[in-house]
Amino acid sequence: MVLQRVIRAVIMGPPGSGKGTVSARITKSFGLQHMSSGDILRANIKEKTELGLLMKACIDQGQLVPDDIMSRLILNDLRKIDNSGWLLDGFPRTVSQAEALDHAFSLDTVINLNVPFQTIKERLTSRWTHIPSGRVYNTDFNPPKVPGLDDVTGEPLVQRDDDRPETVTRRLKSYETQTEPVLEFYRLTFCNTRTMKILKKAVFLGFSSKGERQENIPL
Ligand SMILES: Nc1nc2c(ncn2[C@@H]2O[C@H](COP(=O)(O)OP(=O)(O)O)[C@@H](O)[C@H]2O)c(=O)[nH]1
Ligand SMILES: Nc1ncnc2c1ncn2[C@@H]1O[C@H](COP(=O)(O)OP(=O)(O)O)[C@@H](O)[C@H]1O
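Every value quoted in this text rests on a predicted model; they were computed, and no experiment measured them.

> Could you give an account of the sheet that holds strand β3 (residues 86-89), naming the residues involved and the relevant values?
Strand order in the open sheet formed by 4 strands is β2-β3-β1-β4, with parallel pairing between adjacent strands. The open sheet terminates on both sides in strands that have one partner only, identified here as β2 (33-36) and β4 (109-112). Looking at each pair of strands side by side, their axes are set apart by 20° on average, direction ignored. Both strand β1 (residues 8-12) and β4 contribute to a ladder of 4 bridges, which runs parallel. Bridge pairing links A9 to T109 in β4.

> How would you explain the site of ligand 1 if you had to name every residue and give the values?
In the vicinity of ligand 1 lie 18 residues, with G16, K19, G20, T21 and R127 positioned nearest. Contact between ligand 1 and T21: an oxygen atom at 2.6 Å from a side-chain N or O atom of the residue. Between ligand 1 and R123, the relevant distance is 3.3 Å, taken from a nitrogen atom to a side-chain nitrogen or oxygen of the residue. Computed on the free molecule, ligand 1 has an accessible area of 580 Å², of which 89% lies beneath the protein chains in the complex.

> Run through the site of ligand 2, naming residues and quoting values.
By nearness alone, 20 residues border ligand 2, and S37, R42, Q63, R93 and R171 come closest of all. Measuring from an oxygen atom of ligand 2, one finds a side-chain N or O atom of R127 at 3.0 Å. In isolation ligand 2 has 550 Å² of accessible area, and contact with the protein removes 97% of it. No other element matches helix α2 (residues 37-46), which puts 4 residues into the shell around ligand 2. The residue inventory of the shell around ligand 2, partitioned by class, reads 7 nonpolar, 6 polar and 7 charged.

Procedures and definitions
- Residues numbered from 1 in each chain as written.
- Chains lettered and ligands numbered in written order.
- Predicted model: local features only at pLDDT ≥ 70, side-chain atom pairs only at ≥ 80, totals over all residues.
- Heavy atoms only, no water.
- Pairing = 2+ DSSP bridges.
- Helix = DSSP H or I, 4+ residues; strand = E, 2+ residues; numbered from the N terminus.
- Axes fitted to C-alpha atoms, helices over the stretch in contact; angles between N-to-C directions.
- Near = heavy atom within 4 Å.
- Polar contact = N/O pair within 3.5 Å; in protein donor to acceptor, adjacent residues only side chain to side chain.
- Areas by Shrake-Rupley, 256 points an atom, 1.4 Å probe, with all protein chains shown as cover.
- Nonpolar A, V, L, I, M, F, W, Y, C, P; charged D, E, K, R; others polar.

Written out as structure tokens, the structure is:
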């Protein structure tokens, strides 16, 4: 099904909660463009751009890229694709980024994946990624057809440097302190300033601890 009107949506959730996996399904079903901040940063690292070289150490250590750099990068890219609908994955990660996005675009929906940290730690140790496309696999949940190779291109899969257990712990901590407040920001923004029409459309999606069940919880 391809939607006729432009939909602007954000998908949130801790690292490893399944944002990339779920985004691929949503964007295919609804004809939206998928924009992943992590994929954009990893493409810059792979191509050894100035930004990629500067940000690699920060990302490998599980720290967030500075807000001003990130907001400029993502908002510029969004403006280029804004004539079609989009689903934003990995941005905003701080309240400051959410405010920058809010000044530039009006969102229709925020989706939140609620997955316990212990489940995330297990998932990330078995995550394998095809860096050029951002496709992700999992040796338990959705293994590639040929072990170690991407289903579409046949190119090798890698384990991300920042999926090491000690870095994952740091990223989850940063999620708690810097990103969870963004959920509250959206609860307040949607409740206070949007019209009832928009409010009715806004949903939070909840997933069970195993990530399989789905609930629609109106804001
Ligand atoms: N068991 C299980 N694994 C999942 C599910 N969704 C994603 N995964 C796996 O968990 C890992 C993290 O998912 P990913 O989409 O990369 O998460 P992101 O970091 O939030 O974008 C990957 O190895 C996925 O294959 C799910 O619903 N159940
Ligand atoms: N919006 C953002 N603000 C700051 N840093 C970001 C942002 N998006 C991605 N990054 C950096 O890139 C890393 C990987 O991001 P991402 O691929 O979204 O990982 P995951 O979904 O596994 O958390 C983050 O840990 C962080 O260092």
